[in-house]
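Residues per chain are reported as follows:
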Amino acid sequence: MRVVPLASLPWRFRDCSGSAWLPATVPGCVHTDLRRARAIPDYLRGTNEAGLQWIDGRTWEYAADIEVGADLLGEEVIELVADGLDTIATIRLNGTEVARTENMFIGYRWDVKPLLRDGHNRLSIRFDSATRYIRTERTGHRPRNINDPVGGCTIIRKEQCQFGWDWGPRYVTAGIWRDIRLEGWSGNRLAGVEVAQRHARNGTVALSLAPELARPDRESTCRWRISVGDSPVSSGVGSRIVIQRPRLWWPSGQGEQPLYRLEVDVVESDGNATGKWTRKIGLRTIALDRHRDRWGESFQFVVNGRPVFAKGANWIPADCFVAGLGRASYARDLGAAVAANMNMVRVWGGGIYESEDFFDLCDELGLLVWQDFMFACTLYPGDEPFVASSRAEAEYQVRRLRHRASLALWCGNNEIWGINAHELTDPRKARERADYYRLFHRVLPAVVRRHGRGTAYWPSSPWRGDEDTSHAAGGKRGDSHYWDVWHGRNPVKDYEKWNFRFASEFGMQSYSSSATQATFCPAKDGNIFGAAMETHQKNKGGSQVILDYVSRRYRFPKDQESLIYLSQLNQVHCIQTGVSHYRRLMPRCMGSLYWQLNDCWPVASWSSIEFTGRWRALHYAARRFYAPALVSAHVPGDEVFGINNYRSSTVRLVHLHTSYDGPRASRGVVRWDLFHLDGRVLLAGSKKVALQSMRSVRQVTLDLAQPLAQFGRETIYLRIALDVAGERVSEDTVLFTLPRFMDLPAPRTKVSVRLGAQGRAAVGFTSPVFQHRFEFDFAGHAFTCSDNFFDLYPGERRLVRVRFADGVSKAGLARSLTYRSLADSY
Ligand code: BMA
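Keep in mind the model is a prediction, meaning the values are calculated, not measured.

Undergrad: Give a description of the sheet that holds strand β42 (residues 716-724) that names residues and reports values.
TA: Ordered in space as β40-β39-β42-β43, the four strands form an open sheet in which the pairing is antiparallel. Both outer strands of the open sheet, β40 (681-691) and β43 (727-735), are each paired with one neighbouring strand and no more. Neighbour-to-neighbour, the strand axes of the sheet open up by a mean angle of 15°, direction not taken into account. Pairing analysis gives eight bridges linking β42 to β43, with the strands arranged antiparallel. Of the residues in β43, the one forming a bridge with leucine 722 is serine 730.

Dropping the structure here:
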């Protein structure tokens, strides 16, 4: 096969309503090209979003000149291959129309040999306005809009969150968003190889190879070679490979992630070579196990026969412009996910089917992928062309991703049933219901069954296997989204009311750090309630909700910087409450994926990693609450506010639980120390505990009625810890009232800095008094660190390992170091 790459050509683009040609980038899109040409202001900055909405109303044309020689023209077939066109595209070669497309998620291939000339050729792709398309097509489909502020995004097969979401801007873009090339071949072309794995009881793994040829009805033979790392494993001829002592692929935390490199050459009986197919595969089985049990029906991922508690978060597109995102764009946040002890990400259905780079990283890192099909929230049309396009998209994507070691599940959509159940069960909406069932219960599962190599299909998230959307049903079966905290403004403790089998979404917003805000907003416009910051808060009333939750828990902050900090502490408190509860419920609950891991632009949102890569307090906390061995406290009582704001408390008992999901049983020691804020230890104890894999155990119950009565709940706190093999693996602080009612002592901190080689430093913090959620920063320096936003206990030095991206000096570090804890916020 002869491949002529086209992305690297000097492309140009223009506004068809009359502007001059400008240089373009492929893969790329109109917005980023306009910005590179300085034709528009920075789309991330301030309130600029509003002034850039004209772009999606125009028609854009991309063009390139292609030189073609006799070598290529000598091939029998020459195809133009486009892996992604966004979206309403008309493709012309030398002035003749090749095709029109309407689906961003399908890779296309057209025979263009008859149109190609020896020498100079001109390829042009015109992108019609997607917003105009929406207004003029499928005019009979006008569902209730959920996230798109203008409406109509479900009419088109295009990244849905481009139309605006409650964490992202509305930039409806256009362009050649993935690779484009010419492929010339003669005789036959190897399109792919379908590889089936059979794991036998005796531990061997048999692979069977089924080559897929562009001209299928011909005899062919596979020559294969398999290696792992740098070591060859075996090679041979035929369609069956038996691996005697396979090294199995495991999710992170359960074992290693060996990837076998499989190379297959397919040769036809007349000796014609059709091509080579190379993939890295993992030897593993992954099943979604739903068996009847005492609570209803399980919902758990079983990898190589072992049930695995899914720990992770939801993934949204890494950028509001997804064109051209590469490995580096993904490595940062997926690496951070694994660093926070996650083993699963859910690729949420309002974004894109992610690239090979994304899946390479998930395979290498051991991150299971719950993969939604790209349908979210609002009802979709059911006309024949729409369904056919959706089916073609599913076939393309399922075949593209089916060999991924990390691929754990195909899920039909995000929340469409959950949000629209009322309409879909209304007898007057029979057509909508029929359309919904057809797409998500027949068309998509049929594609997964046919091409998905055994990967499970689940119709929607959330879904309970029947139409019941109640929280109670989620305690029996299926997966659940829980938004009573945040959207419903319920008390945080309500997380503990429901015993979900699998929590696939729950979240709490916070503000991005000032450092991230400075990247899009000059300080003078940085007031959090001003226009620039509100442009970067996409949940209607989001700031009110943040303030509501912050004011329930913390004192009135002394400045905006402190409000941002408190918003992040509150986010930690909420998500930690949820996750610890779900982990305590194990094995009834077998998954916790909080909303959301990442951001697509700098914004106030539910993410634990800011757009700039900076970790919010939540991400440091995630590393702690997703640790393999966790100690957590369940406090059944609460602060109670009565008539006329009189306050009392029902707090008395504290249950200490261990939750353990390491692969091998272990032992540890649970410790607890009850402190007075003046530094005295009032009570201390420890207990040796057994840690069984995938088990949570209530290990200790403390009755603190006496010290609470004697000292008052505002002056004491409990430190809980879990040690394994003499090492502290988990630690937390239990407060007995809201932090705003505690008179925290004035913080005093001693700092030591030891600078090592290659930007590494060991920084020690000591405080004579308890400091809650101690945060440090080296302003102006990019760094990663072993911990942050932790508790400092009196007289105990906390050593943190810091790694700086650039060169630093000790004096420079001392100058840039800032720190604070809760008592500094008011
Ligand atoms: C969930 C998601 C998203 C949304 C988020 C926050 O339901 O599926 O649609 O961004 O809530 O509201």
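There's more to say after this.
Undergrad: Report on the sheet that holds strand β35 (residues 629-634), specifying residues and quantitative values.
TA: Ordered in space as β35-β38-β41, the three strands form an open sheet in which the pairing is antiparallel. Both outer strands of the open sheet, β35 and β41 (695-703), are each paired with one neighbouring strand and no more. Each neighbouring strand pair of the sheet contributes to a mean axis angle of 20°, computed without reference to strand direction. Alignment of strand β38 (residues 653-660) against β41, held across eight bridges, turns out to be antiparallel.

Undergrad: Which residues make up the site of the ligand, and what are the values?
TA: Near the ligand you find Trp165, Asp166, Trp167, Trp348, Cys377, Asn414, Glu415, Trp483, His487, Glu505, Trp595 and Trp606, and these make up its full shell. One nitrogen or oxygen atom from the side chain of tryptophan 165 is found 3.0 Å from an oxygen atom belonging to the ligand. Across the complex, the protein chains shield 96% of the 300 Å² of accessible surface that the ligand would expose by itself.

Undergrad: Lay out the environment of arginine 754 with the relevant residues and their values.
TA: Position of arginine 754 relative to the elements: it lies in strand β44 (residues 750-755). Spatially, the C-alpha atom of arginine 754 lies 8.0 Å from that of lysine 810, the residues being 56 residues apart in sequence. Setting aside residues no more than four positions away along its own chain, arginine 754 makes contact with Arg760, Ala761 and Ala762.

Undergrad: I'd like to hear about the nonpolar core, residue by residue, with values.
TA: Tyr594 and Phe776 are the most contacted members of the largest nonpolar core, which totals 206 residues. For this core, the leading source of residues is helix α14 (residues 560-584), giving ten residues. Apart from residues no more than four positions distant in its own chain, phenylalanine 776 is found in contact with Phe765, Phe783, Cys785, Asp787, Asn788, Phe790, Val800, Val802, Leu817, Thr818 and Tyr819. Listed in part, the 24 residues of the second largest apolar core include Val670, Ile716, Ile720 and Val734.

Undergrad: Outline the packing of helix α8 (residues 416-424) against helix α9 (residues 430-451), supporting the account with residue identities and numerical values.
TA: Running from amino to carboxyl end, α8 crosses α9 at an angle of 150°, the nearest separation of the two axes being 10 Å. It follows that α8 is roughly antiparallel to α9 by the angle criterion. As for how α8 packs across α9, the hand of that crossing is left-handed. Where α8 approaches α9, its residues Ile416, Trp417 and Leu424 are matched on the opposing element by Glu432, Arg433, Tyr436, Tyr437 and Phe440. Looking at the contact of α8 with α9 residue by residue, the class counts come to six nonpolar, no polar and two charged.

Undergrad: I'd like to hear about the pattern of salt bridges, residue by residue, with values.
TA: Evaluated as defined, the whole model comprises 75 salt bridges. Close ionic contact of aspartate 372 with arginine 346 constitutes a salt bridge, the shortest N to O distance being 2.7 Å. Here the residue aspartate 372 occupies a position in strand β29 (residues 368-372), and arginine 346 occupies one in strand β28 (residues 344-347), the gap between them amounting to 26 residues. Take aspartate 372 and arginine 346: they sit in the same class, and that class is buried. Salt-bridge contacts for arginine 798 lead to aspartate 787; the nearest nitrogen and oxygen are separated by 2.8 Å. You can see arginine 798 sitting in strand β49 (residues 798-804) and its partner aspartate 787 sitting in the loop between β47 (783-785) and β48 (790-792), a full eleven residues away along the chain. There is no split in this pair, since arginine 798 and aspartate 787 are both buried. Connected via shared salt-bridge partners are Arg624, Arg671, Arg719, Asp723, Arg728, Glu731, Asp787, Glu796 and Arg798.

Scoring rules and cut-offs
Residues numbered from 1 in each chain as written. Predicted model: local features only at pLDDT ≥ 70, side-chain atom pairs only at ≥ 80, totals over all residues. Heavy atoms only, no water. Pairing = 2+ DSSP bridges. Helix = DSSP H or I, 4+ residues; strand = E, 2+ residues; numbered from the N terminus. Axes fitted to C-alpha atoms, helices over the stretch in contact; angles between N-to-C directions. Near = heavy atom within 4 Å. Polar contact = N/O pair within 3.5 Å; in protein donor to acceptor, adjacent residues only side chain to side chain. Areas by Shrake-Rupley, 256 points an atom, 1.4 Å probe, with all protein chains shown as cover. Contact = heavy atoms within 4.5 Å. Core = buried A, V, L, I, M, F, W, Y, C linked by side-chain atoms within 4.5 Å. Buried < 20%, exposed > 50% of the residue type's maximum accessible area, 1.4 Å probe, protein only. Parallel < 35°, antiparallel > 145°, perpendicular 65-115°, else oblique. Left-handed = near helix turned anticlockwise from the far one by under 90°. Nonpolar A, V, L, I, M, F, W, Y, C, P; charged D, E, K, R; others polar. Salt bridge = Lys/Arg side-chain N within 4 Å of Asp/Glu carboxyl O.

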